[in-house]
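# Survey of secondary and tertiary structure
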Amino acid sequence: MNKEQLEGKWKQIKGKFKQKYGNVTDDDMSFTEGKFDVMLGTIQEKTGKKKEEILEEIENW
């Protein structure tokens, strides 16, 4: 899955992701164009997961 596909899928599943990880806020999950990686880093800090784990979770949702 390429980056554009991941970003599109993220927009579809971010509510479910927030339910699963309650300490991740709406602000943490939002990103501006070109800042998807920054958002992933923030989520990584909040969840304690590796970036690759988060990307895999998004892909498999």
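In this text, all values refer to a predicted model and were calculated from it rather than measured experimentally.

Turning our eyes to something else, we now look at the overall build of the protein. When you go through the protein residue by residue, the secondary structure sums to four helices and zero strands. Going residue by residue from the N terminus, the α and β elements of the protein occur as α-α-α-α. Compactness check: the protein gives a C-alpha radius of gyration of 10 Å against a globular reference of 10 Å for 61 residues, within 12% of the reference. Reported as C-alpha extents along the three principal axes, the dimensions of the protein are approximately 25 × 25 × 20 Å. By residue count, 30% of the 61 residues in the protein fall in the buried class. Surface accessibility of the protein: about 4,100 Å² in total, with carbon and sulfur atoms responsible for 43%. The centroid of the 12 positive side-chain charges in the protein is displaced by 3 Å from the centroid of its 13 negative side-chain charges.

The next point concerns a negative patch on the surface. Residues Glu52, Glu53, Glu56 and Glu59 make up a contiguous surface patch of negative charge. Within the secondary structure, Glu53 is located in helix H4 (residues 51-60).

Before going further, it helps to examine the packing of aromatic side chains. Scanning the entire structure with this criterion turns up four aromatic pairs. A centroid spacing of 5.0 Å and a plane angle of 70 degrees characterise the contact between Trp10 and Phe17, whose relative ring orientation is edge-to-face. As far as burial versus exposure is concerned, Trp10 and Phe17 are alike and both buried. Where Phe17 meets Tyr21, the ring centres are 4.8 Å apart and the plane angle is 50 degrees; that geometry is what we call tilted.

What counts, and where the lines are drawn
Residues numbered from 1 in each chain as written. Predicted model: local features only at pLDDT ≥ 70, side-chain atom pairs only at ≥ 80, totals over all residues. Heavy atoms only, no water. Helix = DSSP H or I, 4+ residues; strand = E, 2+ residues; numbered from the N terminus. Rg over C-alpha atoms; globule rule 2.2 N^0.38 Å. Buried < 20%, exposed > 50% of the residue type's maximum accessible area, 1.4 Å probe, protein only. Areas by Shrake-Rupley, 256 points an atom, 1.4 Å probe, with all protein chains shown as cover. Lys, Arg positive; Asp, Glu negative; His and termini not counted. Charge placed at Lys NZ, Arg CZ, Asp CG, Glu CD. Patch = residues over 30% accessible without salt bridge, like charges linked within 9 Å, V, L, I, M, F, W, Y side chains within 5 Å. Salt bridge = Lys/Arg side-chain N within 4 Å of Asp/Glu carboxyl O. Phe/Tyr/Trp six-rings, centres within 6.5 Å; stacked < 30°, edge-to-face > 60°.

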